[in-house]
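Residues per chain, in single letters:
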Amino acid sequence: MLNTGVRWTTQDVELLPENEGTRYEIVDGELFITKALHFKHQQTCGKIFGQLDVWSDSTGLGEAVINPGVLFSESDNVIPDVVWATKETLALTLDEAGHLTGAPDLVVEVLSASNEDVRRDKEAKLKLYSSRGVKEYLIADWRSRKLEVHRREQSQLNLVATLFSSDNLISPLLPGFSCTVNQFFPV
């Protein structure tokens, strides 16, 4: 968000430099600048959400959501690509504004191309999710069609498996859930 006290218009935005992958939006005269994610990144998020959502509907154990706000603290608030939480976790952590104020049970991040984004997901967010009590953290790479599985062991998230396209994902967190990794990725 760029807040300069100016009321922005579409004509103003047309004067800004074009940067590949940058999206400018105006809401009530306020300019928001975001980097658009790759189409296949978004497809991957949708496919992962879809698998978790179908399983959740059939079991009634929890809910999956795409891009929720997770407000751990004033200095730690993130928007993971996909999360899943039990009904109990949601009852304890979902605030009136619709944000999670504590750790979801499962967090999924889909890697973007830049080294900075990869480092953020594999290092900074791994450390954050580990310290905040996330039980399972999946890092999906649609380019190489692999999935890193981090599970809570002895009070921290540890890498327990790297799964490839034909491998099957199961989780003690999701009883009866089973999916080939390939189903998470677009064709």
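Residues numbered from 1 in each chain as written. Predicted model: local features only at pLDDT ≥ 70, side-chain atom pairs only at ≥ 80, totals over all residues. Heavy atoms only, no water.

> I'd love a proper account of unusual backbone geometry, names of residues and values included.
Despite not being glycine, Asn-67 has its phi angle at roughly 50 degrees, a positive value. As for its position among the elements, Asn-67 is in the loop between strand E3 (62-66) and strand E4 (70-71). The class for Asn-67 is partly exposed, based on a relative accessible area of 35%. (Helix = DSSP H or I, 4+ residues; strand = E, 2+ residues; numbered from the N terminus. Buried < 20%, exposed > 50% of the residue type's maximum accessible area, 1.4 Å probe, protein only.)

> Account for the sheet that holds strand E9 (residues 146-153), with residues named and values stated.
A sheet is described by the order of its strands in space; here 6 strands give the open sequence E3-E6-E7-E8-E9-E10, paired in mixed fashion. Only two strands of the sheet have a single partner each, and these edge strands are E3 and strand E10 (156-164). Strand-to-strand, the axes of this sheet are offset by a mean angle of 15 degrees, without reference to chain direction. Direction of pairing for E9 relative to E10: antiparallel, over a ladder of 8 bridges. (Pairing = 2+ DSSP bridges. Axes fitted to C-alpha atoms, helices over the stretch in contact; angles between N-to-C directions.)

> Residues and numbers for the environment of Arg-132, please.
In this fold, Arg-132 is placed in helix H4 (residues 115-132). Linking Arg-132 and Phe-72, residues 60 residues apart in sequence, is a C-alpha distance of 7.6 Å. In this structure, Arg-132 is in contact with Phe-72, Ser-73, Asp-76 and Ala-103, ignoring residues within four places of it in sequence. Of the polar contacts made by the side chain of Arg-132, one reaches the side chain of Asp-76; its length is 3.1 Å. (Contact = heavy atoms within 4.5 Å. Polar contact = N/O pair within 3.5 Å; in protein donor to acceptor, adjacent residues only side chain to side chain.)

> So, the pairing of strand E12 (residues 174-180): which residues are in play, and what are the values?
Inspection of the sheet shows strand E11 (residues 168-171) paired to E12 by 3 bridges, in the antiparallel sense. Within the sheet, the bridge partner assigned to Ser-171 lies in E12 and is Leu-174. The turn joining E11 and E12, which pair antiparallel and follow one another in sequence, is formed by 2 residues.

> Just give me the short version of the pattern of salt bridges, but keep the residues and values in it.
Counted under the stated rule, the structure contains 8 salt bridges. Measuring nitrogen to oxygen at the nearest pair gives 3.0 Å for the salt bridge that ties Glu-109 to Lys-125. Of the two residues, Glu-109 is situated in strand E7 (residues 106-110) and Lys-125 in helix H4; the sequence distance between them amounts to 16 residues. Across the pair Arg-151 and Glu-136 runs a salt bridge whose closest N-O atoms are separated by 2.8 Å. Of this pair, Arg-151 sits in strand E9 while Glu-136 sits in strand E8 (residues 136-141), and the two are 15 residues apart along the sequence. Note on accessibility: Arg-151 and Glu-136 belong to one class, buried. Among the charged side chains, a salt-bridge network with shared partners connects Glu-109, Asp-117, Arg-120, Asp-121 and Lys-125. (Salt bridge = Lys/Arg side-chain N within 4 Å of Asp/Glu carboxyl O.)

> An account of the environment of Asp-76 is needed here, citing residue identities and associated values.
Relative to the helices and strands, Asp-76 is located in the loop between E4 and strand E5 (77-78). When the C-alpha atoms of Asp-76 and Arg-132 are compared, they prove to be 9.9 Å apart, with 56 residues separating the residues in sequence. Residue contacts for Asp-76: discarding those within four places in its chain leaves Val-70, Leu-71, Leu-128 and Arg-132.

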